[in-house]
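Per-entry structural report
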Amino acid sequence: MPRIVVDVMPKPEILDPQGKAIVGALPRLGFTAFSGVRQGKRFELTVDGEVTEEILEQARNAAATMLSNPVIEDVVNVEVLDETASEDVAGAPEAV
Amino acid sequence: MSETTVQKFNIDTVEHAAGTPDVELPWAELGLKQNEFEEIVKLLDRRPTAAELAMYSVMWSEHCSYKSSKVHLRQFGEKLTDEMKKDMMVGIGENAGVTDLGDGWAVTFKVESHNHPSFVEPYQGAATGIGGIVRDIISMGARPVAVMDPLRFGAIDHPDTARLVHGIVSGIGGYGNSLGLPNIGGEVVFDSVYQANPLVNALAVGVLRHEDLRLANASGVGNRVVLFGARTGGDGIGGASVLASESFDDSKPSKRPAVQVGDPFAEKVLIECCLELFKHSLVEGIQDLGAAGISCATSELASNGEGGMRVELTNVLLRDPTLTPGEILMSESQERMMAVVTPENVAEFEKVMEKWNVEFSWLGEVTDSGRLVITWEGATIVDVDPRTVAHEGPVYNRPFNRPEWLDQVQADGFRASHAGADLPAAGDQLRAAVLELMASPNMCDKSWVTKQYDHYVGGNTALASPDDAGVIRVDEETGLGVAISTDANGRYAYLDPYTGAQLALAESYRNVATSGAVPMAVTDCLNFGSPEDPEVMWQFAEAVRGLADACQTLGIPVTGGNVSLYNQTGTTAIHPTPVVGVLGKFDDVDRRTPSGWQQNADGQAIYLLGTTRDELDGSEFANLRGHLGGLPPKLDLEAEKTLGAILINASRDGMIDSAHDLSEGGLAAALSEMVLRFGVGARIALDDLCARDGVDAFTALFSESQARAVVAVPRSEEVRFNDMATARQFPVVRLGVVDVLATALEVQGLFDLPIAELREAHEGTLPKHFG
Amino acid sequence: MSETPLIADLGGSETAPLTDAKIGVVTFPGTLDDRDAARAVRLAGATPVPLWHADTDPAALRGVDAVVIPGGFSYGDYLRAGAIARFAPLMAKIVDAANSIDKLPVLGICNGFQILTEAHLLPGSMVKNDHLKFICRDQTLRVENNRTAWTNQYADGQEITIVLKNQDGQYVADEKTLDELEAEGRVAFRYVGWNPNGSRRGIAGITNSAGNVVGLMPHPEHAVEPGFGPLGADGHYSTDGLGFFASVLSQLVGEAK
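So, a few notes on the structure that sits alongside this text. (Residues numbered from 1 in each chain as written. Chains lettered and ligands numbered in written order. Predicted model: local features only at pLDDT ≥ 70, side-chain atom pairs only at ≥ 80, totals over all residues. Heavy atoms only, no water.)

Section: the sheet that holds strand 23 (residues 658-661) of chain B
All names here are of chain B. The strand order 23-25-22-26-24-27-28 describes an open sheet built from 7 strands, whose pairing is mixed. Each having just a single partner strand, strand 23 and strand 28 (751-754) make up the two edges of the open sheet. Put simply, the sheet's adjacent strands are angled 20 degrees from each other on average, direction ignored. Where strand 22 (residues 605-609) lies against strand 25 (residues 709-713), 5 bridges are found, and the strand directions are antiparallel. The residue bridging Ala605 from the neighbouring strand is Val713, located in strand 25. (Pairing = 2+ DSSP bridges. Helix = DSSP H or I, 4+ residues; strand = E, 2+ residues; numbered from the N terminus. Axes fitted to C-alpha atoms, helices over the stretch in contact; angles between N-to-C directions.)

Structure follows, in structure tokens:
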């Protein structure tokens with residue numbers, strides 16, 4: 001069954017308290033290479049049948065209106081994952 | 001080097017401003033009026049720099065300067081009597097008022113609004129509202145010990161209401177619960193007048209030892225100025241000015257501000273870190289950063305202290321390195337504090353920061369120049385008299401007049417209206433009316449909301465919602481404690497703002513006294529429409545005058561609060577909504593009185609204190625029928641004082657085991673709530689009450705006459721209780737008895753209402769609408 | 001009773017404790033119920049000793065006879081509840097002491113329970129409540145195992161009312177782990193009447209096989225003083241939480257004899 005993956009991140013100018021706390025904790029465990037962490041969300045929308053352009057458009061709309069809060073978050077990626085086709089990602093990632 | 005950077009970022013220095021008088025500045029976009037801009041030019045004797053313009057524009061906004069309300073708010077000071085000043089350690093003007101509790105203890109509390117931000121982004125708006133008021137409390141040198149949230153939403157079935165309710169309630173819980181502050185009360189009201197203008201007010205209370213009291217002033221020339229807590233980002237730039245000064249308008253998306261995001265974990269750490277600073281006396285003055293951020297903190301600290309401060313702005317730790325100086329000065333990034341530290345304490349101060357892993361940066365020092373000088377890599381970008389920024393902004397005596405429509409509204413009493421026809425009279429009709437009332441959005445059970453708040457943390461919560469007041473123990477040795485209640489009735493204030501504001505105070509006072517505490521101090525959050533509308537301005541002026549007069553009569557001072565204007569959509573303003581919080585004191589919180597009959601109260605006598613009149617205008621019953629007109633119930637502050645004294649003494653002397661004040665929904669609501677509180681039934685007869693006061697059963701149940709309360713008196717105390725009421729010439733009538741075995745509220749000759757049925761109606765409403 | 005000071009100096013009791021037992025109370029950044037836990041320890045008759053998460057001193061446990069990891073939102077619950085706190089220097093010492101032959105009694109309450117699972121002292125994990133909301137209520141539990149260091153003063157099967165308040169309180173583990181917990185009698189507490197968060201098999205708290213490490217989501221430290229805690233099933237104020245602290249004292253006194 002194909003799935004559409006939606007990635008949502010806090011807007012760059014918005015404070016990300018989670019990322020801030022994690023970046024503070026990393027060096028205490030010896031992970032010193034990372035100067036920043038931002039924590040986002042990944043959604044997987046399962047589709048019964050083929051992903052048409054119309055369905056993908058619906059996913060983009062859902063991502064922009066419901067899965068993300070446009071006041072504080074950006075949808076950074078909407079793409080199709082079709083595990084039945086191959087290991088490869090079907091359809092190039094699209095920035096929204 | 002410095003010149004290169006200044007040039008690279010095109011920094012507008014004072015020198016540059018002096019040499020380029022004709023540069024066009026975006027003062028109008030920043031919300032300044034022409035006369036205000038001209039005043040700034042006159043004060044500086046040159047055009048302001050971009051950074052100065054940013055500072056003046058936010059600090060002279062309605063939200064920060066109180067320019068429209070100041071002339072009226074003065075009454076709170078002018079009408080103070082010596083009696084009211086007796087226990088007031090800090091009054092209006094500081095971050096929060098402070099009241100002496102005795103034994104070296106003091107309490108500080110304040111209510112504030114975060115209305116517009118909560119409409120734009122409900123979760124973060126409500127969360128940062130809690131954050132801001134809690135930092136005000138910390139700034140006084142106190143440990144915050146509790147919060148409360150008076151909330152007002154649009155109609156319960158309006159499509160946008162669920163979004164706001166879910167977001168705002170979880171924002172308050174998400175932030176407040178993470179701070180370890182019990183949420184002990186508040187209000188949840190639904191009325192279509194608040195559609196698109198929800199009222200999200202937040203109250204915080206803190207306790208301190210007298211010696212820990214801190215004020216926001218920068219004293220001691222040579223003392224260092226430090227900024228600590230979260231880094232500065234682009235949060236809410238322009239928010240203070242734009243959001244609070246103008247109605248939110250979708251047609252101007254460019255004015256939509258960057259939303260402030262709260263980090264409750266950072267705030268919790270900041271609380272503990274500040275308390276450790278106070279304990280070791282490491283700060284001379286302290287100020288939280290809220291609206292107008294560094295602009296506000298630097299100008300207020302300097303203006304309240306020796307009058308001078310020098311700050312190097314590039315020392316501010318940034319989350320976003322692209323911010324301009326003006327944006328840094330206006331940023332409303334949360335969880336930040338500014339303090340003044342003597343050079344000797346610098347090392348100790350840094351040790352505390354390191355212990356709590358809090359970032360800090362030394363910005364500058366206190367001077368005696370009388371100027372607030374802010375530099376950018378050494379080049380002066382702000383050179384102002386801080387008083388002109390913080391305290392001597394514009395003051396408007398805005399025109400006001402009594403609305404023309406008011407006579408007509410006041411003439412439209414409930415009884416004579418269409419809505420007042422066919423009132424319930426027979427037992428089954430009254431029974432149905434009680435059920436309908438108790439299931440209505442404003443009278444229904446609010447635990448869907450309050451269950452999302454931690455009210456146990458701290459282990460000092462003696463009473464919390466749904467009791468009349470929240471009660472917090474301050475001293476475990478002695479049981480010393482405080483009670484707080486917040487109240488408002490926008491419907492009453494709409495019918496008569498002078499009396500309406502007084503009725504809000506009277507109810508809050510009554511709630512505190514009903515819990516058994518002695519009322520001591522008042523805080524208010526005055527939520528109104530646009531001050532540029534003379535009719536709204538009249539409502540505001542009347543409400544303030546009413547509140548100040550009533551405080552004088554009751555002998556308790558307003559110690560702090562907040563004004564929120566422009567709560568309107570287009571030309572339609574919200575009901576005038578003065579939210580009043582009263583704080584009272586317990587010598588021992590063990591003497592508190594809960595608001596329902598208890599399991600061990602079988603056979604206790606139920607009494608009604610006070611007189612019931614035919615007062616249904618503006619009532620919740622009238623609201624059920626969609627009617628709003630006439631005059632609010634009669635105010636009698638002397639009766640409120642006597643009732644308060646009876647309730648406090650009866651509680652102290654063990655004469656009553658439970659008490660509940662009568663307010664919205666009248667006796668019907670009070671009896672229902674007392675039954676539901678612990679699930680204990682009662683047998684009631686209304687005949688004596690109806691005969692004495694000359695009212696019918698409907699009026700007895702639904703009238704909202706003031707200065708009334710229901711109490712439960714143990715049999716052994718009945719004589720003493722009656723003697724006390726008689727000695728004070730206060731009307732009292734016996735209504736019936738508590739019956740632990742009865743599984744109902746029985747009103748003799750009229751109806752039996754099983755507790756289970758009442759509970760189902762009462763508790764079903766919010767889950768039905770909000771899941 | 002001594003007052004709880006405004007600053008988190010948890011010791012300093014002026015009245016002499018009933019026993020000379022010392023019980024550590026751990027504070028992480030974001031811990032909320034440390035002062036409450038200290039009060040409960042004091043009311044039970046022992047001396048609370050504040051322990052600091054970042055303490056790297058070899059004697060960071062300060063010679064305590066037992067440890068309480070109280071509730072709150074350590075590190076804001078960011079990443080996962082307890083996920084950052086478990087790496088604190090003090091936690092390594094607590095894990096060692098709990099697993100040593102001395103079997104240091106450790107009680108994890110709410111966020112403390114989450115930290116104990118992240119630290120693998122107890123199996124399973126907590127996820128968001130099934131109704132997705134924070135919930136604060138008076139909650140009845142059944143004591144399913146009264147042979148642990150923290151439950152030996154309760155009757156087997158006793159129903160107690162304490163406070164439940166959390167956002168991530170749904171206990172989850174795979175079926176095999178759950179079957180093992182049941183078979184070994186390591187389910188210490190189960191919700192009674194209503195499962196308030198969707199926890200697997202109604203589990204409110206569990207113990208390790210030695211019975212010295214116990215974790216639960218509800219808060220015994222909020223049910224230790226009449227009038228400042230939950231209402232019991234009989235409508236009276238509950239002090240049912242005191243039994244946890246009385247239990248560990250009883251065990252410590254027993255060992256000393």
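Describing helix 29 (residues 755-770) of chain B
Residues and elements named next belong to chain B. With 16 residues, helix 29 extends 24 Å from end C-alpha to end C-alpha; this agrees with the ideal 22 Å at 1.5 Å per step. Within helix 29, the axis deviates most sharply at Gly764, by approximately 40 degrees, and proline Pro767 lies no more than four positions further along. Along helix 29, the residues that are buried comprise Ile755, Leu758, Ala761, His762, Thr765, Leu766 and Phe770. Looking one or two residues beyond helix 29, the residue adopting positive phi is Gly771, at roughly 85 degrees. (Expected span 1.5 Å × (residues − 1). Bend = angle between axes of the 7 residues up to and from the residue. Buried < 20%, exposed > 50% of the residue type's maximum accessible area, 1.4 Å probe, protein only.)

Considering the pairing of strand 3 (residues 73-81) of chain A
Residue and element names in this part refer to chain A. Counting buried residues in strand 3 gives 7 out of 9 residues, a clear majority hidden from the surface. In terms of strand pairing, strand 1 (residues 3-10) meets strand 3 through 8 bridges, oriented antiparallel. Bridge pairing links Val6 to Val78 in strand 3.

Quick notes on the state of the cysteines
Between two cysteines, a covalent bond joining their sulfur atoms is known as a disulfide. Across all of its chains, the model carries 0 disulfides over all chains by this definition. For Cys444 of chain B, which is in no disulfide, the shortest distance to another cysteine sulfur is to Cys136 of chain C and amounts to 19 Å. Looking at Cys136 of chain C, it has no disulfide partner, and the nearest cysteine sulfur is the one in Cys110 of chain C, 11 Å off. (Disulfide = S-S within 2.5 Å.)

Quick word on the interface of chain C and chain B
Listed by partner, the interface residues are 40 residues for chain C and 43 residues for chain B. Buried surface at the junction of chain C and chain B, summed over both partners, amounts to about 3500 Å²; 57% is from carbon and sulfur atoms. Counting the contacts that link chain C with chain B gives 4 salt bridges. For Arg42 of chain C, the salt bridge is made with Glu476 of chain B, and the minimal N-O distance between the two is 3.8 Å. Seen at the junction of chain C and chain B, the total is 11 residue pairs in polar contact (both at pLDDT 80 or more). Breaking the side of chain C that touches chain B down by element, the ones donating at least two residues are helix 1 (34-44), strand 6 (135-143) and strand 7 (159-166) of chain C. In terms of residue count, the dominant contributor to the side of chain C that touches chain B is helix 1 of chain C (4 residues). (Contact = heavy atoms within 4.5 Å. Buried area = accessible area lost by both parts, 1.4 Å probe. Salt bridge = Lys/Arg side-chain N within 4 Å of Asp/Glu carboxyl O. Polar contact = N/O pair within 3.5 Å; in protein donor to acceptor, adjacent residues only side chain to side chain.)

Description of helix 1 of chain C
Residues and elements named next belong to chain C. Of all 11 residues that make up helix 1, 10 are buried, and the element is covered over most of its length. Buried within helix 1 are the following residues: Asp34, Arg35, Asp36, Ala37, Ala38, Arg39, Ala40, Val41, Arg42 and Ala44. One or two steps after helix 1, the chain reaches Gly45, where phi turns positive at roughly 105 degrees.

Structural notes on a nonpolar patch on the surface
A contiguous nonpolar surface patch, about 400 Å² in accessible area, is contributed by Leu29, Phe31 and Phe34 of chain A together with Phe87 of chain C. Tracing the backbone shows Phe34 of chain A in the loop between helix 1 (17-25) and strand 2 (41-46). Looking at Phe34 of chain A, the relative accessible area reads 49%, which means it is partly exposed. (Patch = residues over 30% accessible without salt bridge, like charges linked within 9 Å, V, L, I, M, F, W, Y side chains within 5 Å. Areas by Shrake-Rupley, 256 points an atom, 1.4 Å probe, with all protein chains shown as cover.)

Describing the packing of aromatic side chains
Residues and elements named next belong to chain B. Inspection of every chain in the model, using the stated rule, returns 22 aromatic pairs over all chains. Aromatic pair Phe228 and Phe349: ring centres 5.5 Å apart, planes at 85 degrees, arrangement edge-to-face. Remark: Phe349 occurs in helix 15 (residues 346-356) and Phe228 occurs in strand 7 (residues 224-229); sequence separation between them is 121 residues. We classify Phe228 as buried; its relative accessible area is 1%. On the basis of relative accessibility, which here comes to 0%, the residue Phe349 falls in the buried class. (Phe/Tyr/Trp six-rings, centres within 6.5 Å; stacked < 30°, edge-to-face > 60°.)

Some remarks on the environment of Asn195 of chain C
In this structure, Asn195 of chain C sits in the loop between strand 9 (187-191) and strand 10 (203-207). A distance of 3.0 Å separates the side chain of Asn195 of chain C from the backbone nitrogen of Gly198 of chain C, its partner in a polar contact.

So, the packing of helix 10 (residues 161-179) of chain B against helix 12 (residues 264-279) of chain B
Residue and element names in this part refer to chain B. Relative to each other, helix 10 and helix 12 sit at 30 degrees, their axes nearing to 8 Å. If you check the angle between helix 10 and helix 12, you find them roughly parallel. For the pair helix 10 and helix 12, the sense of crossing is right-handed. From helix 10, Gly174, Tyr175, Ser178 and Leu179 reach across to helix 12, where they touch Pro264, Glu267, Lys268 and Ile271. Residues that form the contact of helix 10 with helix 12 fall into these classes: 4 nonpolar, 2 polar and 2 charged. (Parallel < 35°, antiparallel > 145°, perpendicular 65-115°, else oblique. Left-handed = near helix turned anticlockwise from the far one by under 90°. Nonpolar A, V, L, I, M, F, W, Y, C, P; charged D, E, K, R; others polar.)

Considerations on the pairing of strand 9 (residues 308-312) of chain B
Residue and element names in this part refer to chain B. Of all 5 residues in strand 9, 4 are buried, a share of seventy percent or more. Here strand 9 pairs with strand 11 (residues 360-367) via 4 bridges, running antiparallel. Residue pairing for strand 11: Gly308 is matched across the bridge by Thr367. Pairing between strand 9 and strand 12 (residues 372-376): 4 bridges, direction parallel. Its bridge partner being in strand 12, Glu312 is matched across the sheet by Thr375.

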